[in-house]
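Spelled out, the chains give:
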Amino acid sequence: PFPRLFEALVLGEKTALSPELRRTFHHLGLSHFLAVSGLHLALLAGLVFFLVKALVAPFPRLLLWWPRQYWGLCGAVLLSGLYVLLSGPSPSALRAYIMLLVFFAAHLLLREPRSLDTLALAVLAILVLCPKAVGTLSFRLSVAAVFGLILASRLKRRWGSWPQGRCTSFVADVTFYSLAATLSTAPLLLVAFGTVSPLAPLTNILALPVFAGLILPLELLASLLVPFDHDLATKVASLPGRLVSSLPATNGLVLSPPLPVGVFLLGLLP
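Every value quoted in this text rests on a predicted model; they were computed, and no experiment measured them.

**Q** Just checking my understanding: could you explain the layout of surface pockets for this structure?
**A** Over the atoms, a rolled probe matching the size of one water molecule traces out where space is still vacant. By volume, the second largest pocket amounts to about 460 Å³. Around the second largest pocket sit 18 residues that line it, and Leu 44, Leu 79, Leu 220, Ser 223 and Leu 224 are the ones nearest its centre. Of all the elements in the fold, those that place two or more residues in the lining of the second largest pocket are helix 1 (2-11), helix 3 (38-56), helix 5 (68-86) and helix 10 (200-225). A per-element tally of the lining of the second largest pocket places helix 3 first, with six residues. Partitioned by chemical class, the residues of the lining of the second largest pocket number 17 nonpolar, one polar and no charged.

Next up, the structure:
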C-alpha cells in the first residue's frame, strides 16, 4: 500500500488508494492532504528558497546581480513549476502555483500582493488556460477554501490578535482557519457527497503539524532520493505510510442533512 499512498500524497493520484482509506480521509475532513495544493507547494518552495539562498551566499558576483532572496524566490518558482507539471497538473495545484507566481512578481516589482486580487487572477488564468476546470470539484473546493481563509484572515485582523502564548495562539489559529475552510467548502461537499465531516476542525488541529512537519516532507524527500538510492527512498517513504495507514476508522462520524440538500444549503449559506 505504500507506493499507492506515496502517489496520493506526492502526486495527488488517488485512484489506486483503497476505498476504505479514502473514506477515512473524507470522514476525518483530511481529504485536502491528498490533493497537490498550497501546502505541498509551500513546503517545497520554502525548502528550495532557503537552500538556494545558502548556495549563492559564497558567490558575491551573483549577489551583485540579485539579492539572495531573489535567487531563492526564482529557484522556488522554477522547482515548484516542475513539481506542478509532474503532478498532473490539477486545478488546485495550478491555483496555488499561479498565486506563488504573483507573489514572486509582486516582490520583484516592490509591490504588496493583495490576497483577493491574487486569487481572482489565479481563477481567471485557470479558466482561460483550461475552461473545463470550472466544472471540477477540485477547482471549486480549492477556490472556496482559499476564499474562506482570506475572509477569515480579514475578520481576525478586524477582531484583533489572539491571547498571547505560542501554544495558545497556534491552537486558536488552526481552529479558526480550519473552521473557516470547513464552512466554506461544506456546501460543495454536501452537493457532491451528501455528507460533511463535523470533525474537520478538530482533526486538522492534530493532523496539520504531523502532515506539514513530518509526513509530506518525508514523502518529498523520498521522491528526491529515488534516482540515487531506491531502497533508501522506500524506507523513508514507509514511515509516513505506516502513520497514515494507522488512521482510525470513522464509520458514521459524518453529518448528513436530514432534509433535501438544497433546503439544507439554503439554511446554511446565510
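More follows now that the structure is in view.
**Q** Is there a simple way to explain the packing of helix 9 (residues 166-193) against helix 10 in this structure?
**A** Helix-helix packing is characterised by the crossing angle of the two axes and by the distance between the axes. In contact at an axis separation of 8 Å, helix 9 and helix 10 are set at 125 degrees when each is read in the N-to-C sense. Between helix 9 and helix 10, the angle falls in the class oblique. The handedness of the crossing between helix 9 and helix 10 is right-handed. Residues Phe 170, Val 174, Thr 175, Ser 178, Leu 179 and Thr 182 of helix 9 pack against Ala 200, Pro 201, Asn 204, Ile 205, Leu 208 and Pro 209 of helix 10. Among the residues making up the contact of helix 9 with helix 10, the classes are represented as eight nonpolar, four polar and no charged.

**Q** What is the right way to read the packing of aromatic side chains from this model?
**A** Aromatic rings in a pair are described by how distant their centres are and how their planes are angled relative to each other. Considering all chains together, one arrives at five aromatic pairs under this definition. Aromatic pair Trp 66 and Tyr 70: ring centres 5.9 Å apart, planes at 85 degrees, arrangement edge-to-face. The class of Trp 66 is partly exposed, set by a relative accessible area of 29%. The exposure class assigned to Tyr 70 is buried, which follows from its relative accessible area of 15%. Seen in terms of ring centroids, Phe 176 and Tyr 177 are 5.5 Å apart; in terms of plane orientation they differ by 65 degrees. Their pairing is edge-to-face. The class for Tyr 177 is partly exposed, based on a relative accessible area of 24%.

**Q** Is there a simple way to think about unusual backbone geometry in this case?
**A** Note: most peptide bonds trans; most residues except glycine with negative phi. With a phi close to 55 degrees, Leu 110 is a non-glycine residue in the positive phi region. Mapped onto the fold, Leu 110 is located in the loop between helix 6 (91-108) and helix 7 (115-129). Assessed through its relative accessible area of 68%, Leu 110 is described here as exposed.

**Q** Looking at this structure, how should I read a nonpolar patch on the surface?
**A** Taken together, Leu 11, Leu 78, Leu 79, Leu 82 and Leu 86 make up a surface patch of nonpolar side chains, about 480 Å² in accessible area. Element by element, the count of residues in the nonpolar patch is highest for helix 5, at four residues. Mapped onto the secondary structure, Leu 11 falls in helix 1. Judged by relative accessible area, which is 33%, Leu 11 ranks as partly exposed.

**Q** I would appreciate a short explanation of the nonpolar core in the present structure.
**A** In a soluble, globular protein the nonpolar side chains are often hidden away together inside. Of all hydrophobic cores here, the largest spans 27 residues; its most connected members are Leu 41, Tyr 83 and Tyr 97. At the level of elements, helix 1, helix 3, helix 5, helix 6, helix 10 and helix 11 (230-245) are the ones that each hand at least two residues to this core. Among the elements that line this core, the one with the most residues is helix 3, at seven residues. Other than its neighbours up to four places away in sequence, Tyr 83 contacts Leu 9, Val 10, Val 36, His 40, Leu 41, Leu 44 and Leu 220. In this structure, Leu 9, Leu 17, Leu 30 and Phe 211 belong to the second largest nonpolar core, which totals 14 residues.

**Q** Looking at this model, I keep getting lost on the environment of Leu 119. Mind explaining?
**A** For Leu 119, the position within the fold is in helix 7. Assessed through its relative accessible area of 5%, Leu 119 is described here as buried. Sequence separation of Leu 119 and Arg 95 is 24 residues, and the distance between their C-alpha atoms is 7.8 Å. Among residues more than four places away in sequence, those in contact with Leu 119 are Arg 95, Met 99, Val 143, Val 146, Phe 147 and Ile 150.

**Q** What exactly am I supposed to notice about the side chain of Ser 37 here?
**A** With respect to the secondary-structure elements, Ser 37 resides in the loop between helix 2 (19-27) and helix 3. Other than its neighbours up to four places away in sequence, Ser 37 contacts His 32, Ser 92, Arg 95 and Ala 96.

Conventions used here
Each chain carries its own residue numbering, running from 1 in the direction its sequence is written. Per-residue local features are limited, in this predicted model, to residues with pLDDT of at least 70; the limit for side-chain atom pairs, both in listing and counting, is 80 or more; totals at the level of whole chains, interfaces and linings are taken over all residues. Based on all heavy atoms of the structure, the side-chain values leave hydrogens and waters out of the count. Put plainly, a pocket is an open set of points on a 1 Å grid over the protein atoms alone with protein on both sides within 12 Å along at least five of seven lines, a cavity is a set where a 1.4 Å probe fits but cannot get out, and a lining residue has an atom within 4 Å of a point. Grid points are joined across faces, edges and corners, and a volume is the space filled by probe spheres set on the points. For the purposes of this entry, the term helix denotes a DSSP run of H or I that reaches at least four residues, the term strand denotes a run of E that reaches at least two, and both are numbered from the N terminus. Under the scheme applied, nonpolar residues are Ala, Val, Leu, Ile, Met, Phe, Trp, Tyr, Cys and Pro; charged residues are Asp, Glu, Lys and Arg; polar residues are all the others, including Gly. Lines fitted to C-alpha atoms define the axes, with helix axes restricted to the stretch in contact, and inter-axis angles between N-to-C directions lie between 0 and 180 degrees. Convention used here: angles under 35 degrees read as roughly parallel, angles over 145 as roughly antiparallel, angles from 65 to 115 as roughly perpendicular, and any remaining angle as oblique. A clockwise turn of the near helix away from the far one marks a right-handed crossing, whereas an anticlockwise turn of less than a right angle marks a left-handed crossing. Contacts: residue pairs with any heavy atoms within 4.5 Å of one another. In this scheme Phe, Tyr and Trp rings, the latter by its six-membered ring, pair at centre separations within 6.5 Å, and the angle between planes marks the pair as stacked below 30 degrees, edge-to-face above 60, and tilted otherwise. Classification of residues uses two cut-offs on accessible area relative to the type maximum, computed with a 1.4 Å probe and protein chains only: under 20% is buried, over 50% is exposed, and between them is partly exposed. Here, patches come from residues exposed beyond 30% relative accessible area and free of salt bridges, joined within 9 Å for like charges and within 5 Å for nonpolar side chains (Val, Leu, Ile, Met, Phe, Trp, Tyr). Only the protein chains shown count as cover for residues, with accessible areas throughout obtained via the Shrake-Rupley method and a probe of 1.4 Å. Within this document, salt bridges are pairs made up of a side-chain nitrogen of Lys or Arg and a carboxyl oxygen of Asp or Glu, the two lying within 4 Å of each other. Think of a nonpolar core as a cluster: buried Ala, Val, Leu, Ile, Met, Phe, Trp, Tyr and Cys residues, connected wherever their side-chain atoms sit within 4.5 Å.

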